[in-house]
Amino acid sequence: MRRKINLWTPFFTLFLLLGCGGAAPPDRQMVSAEAAIRAAQELGAPNVPQASLSLRQAVGQVDKAKALMRDGNNARAAMMLARAQVDAELAIALTKENTAKAEAQEAEDTVVELKNKMKSLGR
Amino acid sequence: MMENRKTTRWIVLAVFAFLVACASAPPPRTLLDARAAYRKAQSGSAASLVPAELYDAKVALNEAEAAYNDDPEAEKTVMLAYVAQRKAEIVQAQATIKEAEARKKNATAEIQELQAQGLQLAGEKLSQARQQLAVTGKELEAERKAREAAEQRAREALEKVAIAAALAVKQEERGTVIVLPGNVLFESGKATLLALAQQKIALLAEQLRSQGQEGAKITVEGHTDSRGSDASNLALSQARADSVRNFLVSQGVPSQNILAVGIGEARPVADNETPEGRANNRRVEIIVKPGEPR
């Protein structure tokens, strides 16, 4: 009876390790999210109100993910990084949108200005 | 037997009620937001401008819906819904970017067209201005030549008349100068024109009248020799100049164009120590300067 228990012990230990050890650290997601945050910052997201909000959310979620990873909670950290990734990508898209709209408006203003000048020249 | 059937019926009803209660649990707020964001993106221009990105957003929403069906309250369900919502918002932003780029492209093309039109217009205006300038230049040149020719004719006519009257005439910077000797014009010390002088001046008057009417400025200068005081010489020269001026006016020369000036002995043309020199210094000069172009 005693010998039988000893035979199951390694299997039980392996089962515990597989169940509690969980997912591997989401290092690649971390690198990707941080790269997206840097790209948003370089594009000027901090100067665009809506993009700035998304960027702050992304940064906060990366910080939370780091804390979760320190606690060994890699699965939740990965989910937090997935949120950070899309928030950073949204910050990038909103910054580009802001720039594109401003450039379009500037070009259209130039058209109006030129038309007025042409009118004053007599055509 | 009847009791067992009743019990079974109640168990079935209980299980059904439980299932209904579970199935009607409301979806998480994030999933509702994700659905709304996707609908908004789908109904806008994203379908035509960024179809591939819209499809990705649809896939993300489907994943969230599947997770919700598996476990409505799982953290994974909320996370996938969050990702789906953000992807739908990203798609909307990308569609707006495409629209803005199209607006900018159209405006840039219009700017180029307007600039080309502006250049053409400026060129036409410049060409017109050059043509106008050339015409004006030619007109001015023709006018200048005509004026010079008229002045030349006037000078020649005046010279002919002066020569006919046996008067000296010379061209100076101040104009055509006709010299009337004092001994021909006046008795010594007086300012009344002699009859011979009137005849000679009358010969000039007609020519001076026409030139005066054309705007010529005529100055009559009286000069004396150096005998006598400066004051008396100045007064005599002024009186003699006035006398000649009055006679010219009486002959029809426009009075507003004739000025009489007494110079006295200040500008001799010969030596005052000899009788001949003093005779030359006693004189009246009529200076005719052509009028300025109007």
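For clarity, every value in this text was computed on a predicted model and none was experimentally measured.

Rules behind the numbers
- Residues numbered from 1 in each chain as written.
- Chains lettered and ligands numbered in written order.
- Predicted model: local features only at pLDDT ≥ 70, side-chain atom pairs only at ≥ 80, totals over all residues.
- Helix = DSSP H or I, 4+ residues; strand = E, 2+ residues; numbered from the N terminus.
- Contact = placed C-beta atoms within 7 Å.
- Buried ≥ 20, exposed ≤ 12 C-beta atoms within 10 Å, placed from the backbone.
- Nonpolar A, V, L, I, M, F, W, Y, C, P; charged D, E, K, R; others polar.
- Core = buried A, V, L, I, M, F, W, Y, C linked by C-beta atoms within 7 Å.
- Pairing = 2+ DSSP bridges.
- Axes fitted to C-alpha atoms, helices over the stretch in contact; angles between N-to-C directions.
- Expected span 1.5 Å × (residues − 1).
- Arc of directions from axis to C-beta.
- Parallel < 35°, antiparallel > 145°, perpendicular 65-115°, else oblique.
- Left-handed = near helix turned anticlockwise from the far one by under 90°.
- pLDDT = per-residue confidence, 0-100.

Asker: For this particular structure, what's the right way to read the overall build of chain A?
Answerer: Along chain A, the regular secondary structure elements total four helices and zero strands. Partitioning the contacts of chain A with sequence separation of at least 6, the portion at a separation of at least 24 is 72%.

Asker: So what exactly am I meant to see when it comes to the overall build of chain B here?
Answerer: Counting its secondary structure elements, chain B contains nine helices and five strands. Listed N to C, the secondary structure of chain B is α-α-α-α-α-β-β-α-α-β-α-β-α-β in terms of helices and strands. Put simply, chain B has 294 residues, and 29% of those count as buried. Partitioning the contacts of chain B with sequence separation of at least 6, the portion at a separation of at least 24 is 71%.

Asker: Which parts of the structure should I look at to understand the interface of chain A and chain B?
Answerer: Note: interface size is frequently given as the accessible area lost on complex formation between the parts. Opposite the 24 residues of chain A that make contact, chain B presents 25 residues. When its residues are assigned to classes, the side of chain A that touches chain B shows 13 nonpolar, one polar and ten charged.

Asker: What is the right way to read the nonpolar core from this model?
Answerer: In a soluble, globular protein the nonpolar side chains are often hidden away together inside. In this structure, Ala40(A), Leu81(A), Ala88(A), Ala91(A), Ala64(B) and Ala84(B) are the most contacted members of the largest nonpolar core, which totals 57 residues. Within the residue set of this core, elements represented by two or more residues are α2 (27-43), α3 (49-70) and α4 (74-121) of chain A together with α2 (29-43), α4 (51-70) and α5 (75-164) of chain B. Of all the elements, α4(A) adds the most residues to this core, at 16 residues. If sequence neighbours within four positions are ignored, Ala88(A) has contacts with Ala33(A), Ala36(A), Ile37(A), Ala40(A), Leu55(A) and Ala58(A).

Asker: Hey, could you run me through the sheet that holds strand β4 (residues 258-264) of chain B in this one?
Answerer: Sheets are built from strands paired through backbone hydrogen bonds, the pairs being either parallel or antiparallel. Residue and element names in this part refer to chain B. Here five strands make up an open sheet; going across it, the order is β1-β2-β5-β3-β4 and the pairing mixed. Looking at the sheet topology across the chains shown, the edges are occupied by β1 (168-172) and β4. With direction set aside, neighbouring strand axes in the sheet form an average angle of 20°. When β1 meets strand β2 (residues 175-181), the two strands line up antiparallel, connected through five bridges. From the neighbouring strand, Gln171 faces β2, where its bridge partner is Thr176. Along the sheet, α5 makes contact with β1, β2 and β5 (283-289), crossing β1 at roughly 155°.

Asker: Before we go on, may I ask you to explain α2(B) in this structure?
Answerer: It helps to recall that an α-helix has 3.6 residues per turn; residues three or four apart then point in one direction. Residue and element names in this part refer to chain B. The terminal C-alpha atoms of α2, which comprises 15 residues, lie 21 Å apart, in line with the 21 Å expected from a rise of 1.5 Å per residue. Along α2, the residues classified as buried are Leu31, Ala34, Ala37, Tyr38 and Ala41. With its buried residues spanning 120° around the axis, α2 presents them on a single face. Looking at α2, the residues exposed on the side facing more than 90 degrees away from the buried face are Arg29, Ala36, Arg39 and Ser43. Structurally, α2 contributes buried residues whose contacts are with α3 (46-49), α4 and α5.

Asker: Just checking my understanding: could you explain the packing of α2(A) against α4(A) for this structure?
Answerer: Residues and elements named next belong to chain A. Direction vectors running N to C along α2 and α4 enclose 20°, while the axes themselves pass 9 Å from each other. As judged from the angle between their axes, α2 and α4 are roughly parallel. You can see that α2 and α4 cross each other, and the crossing is left-handed. Seen from α2, the contacting residues are Gln29, Met30, Ser32, Ala33, Ala36, Ile37, Ala39, Ala40 and Leu43; seen from α4, they are Ala78, Leu81, Ala82, Ala84, Gln85, Ala88, Glu89, Ala91, Ile92, Thr95 and Lys96. In the contact of α2 with α4, the residues fall into 14 nonpolar, four polar and two charged.

Asker: Help me understand the environment of Val288(B) in this model?
Answerer: All names here are of chain B. Along the polypeptide, Val288 turns up in strand β5. A residue is classified by how many C-beta atoms lie within 10 Å of it, and Val288, with 23 of them, is buried. Residues Val288 and Ile178, spaced 110 residues apart in sequence, show a C-alpha to C-alpha distance of 8.3 Å. Those residues in contact with Val288, other than ones at most four positions away along the chain, are Leu158, Gly175, Thr176, Leu208, Gln211, Ala216 and Ile218.

Asker: Looking at this structure, I do not really get the packing of α4(B) against α5(B). What am I missing?
Answerer: The axes of two packed helices give the description: the angle between them and the distance between them. All names here are of chain B. Taken N-terminus to C-terminus, the directions of α4 and α5 make an angle of 165°; their axes are 8 Å apart at the nearest point. Viewed along their axes, α4 and α5 adopt a mutual orientation that is roughly antiparallel. Helix-helix and strand crossings are classified by hand; for α4 and α5 the assignment is left-handed. For the pair formed by α4 and α5, the contact residues are Glu53, Leu54, Asp56, Ala57, Ala60, Leu61, Glu63, Ala64, Ala67 and Tyr68 on the first element and Lys76, Thr77, Leu80, Ala81, Val83, Ala84, Lys87, Ala88, Val91 and Gln94 on the second. Looking at side-chain class alone, the contact of α4 with α5 contains 13 nonpolar, two polar and five charged residues.

Asker: Can you help me understand the confidence of the model for chain A in this one?
Answerer: The predicted coordinates of low-pLDDT regions are not to be read in fine detail. Residues and elements named next belong to chain A. For chain A, per-residue confidence averages 87 on the pLDDT scale, and 82% of positions sit at 70 or higher. When the criterion is pLDDT under 50, residues 1-5 qualifies, and its contacts beyond four places in sequence or with other chains add up to zero contacts. With pLDDT under 50 throughout, residues 7-21 is counted as low confidence; its partners more than four residues away or in other chains account for zero contacts.

Asker: What exactly am I supposed to notice about the environment of Phe186(B) here?
Answerer: All names here are of chain B. Mapped onto the fold, Phe186 is located in the loop between α6 (182-185) and α7 (195-213). C-alpha separation for the pair Phe186 and Ala197, spaced eleven residues apart in sequence, amounts to 7.8 Å. Ignoring any residue separated from it by four or fewer positions in sequence, one finds Phe186 in contact with Ala191, Thr192, Leu193, Leu194 and Arg240.

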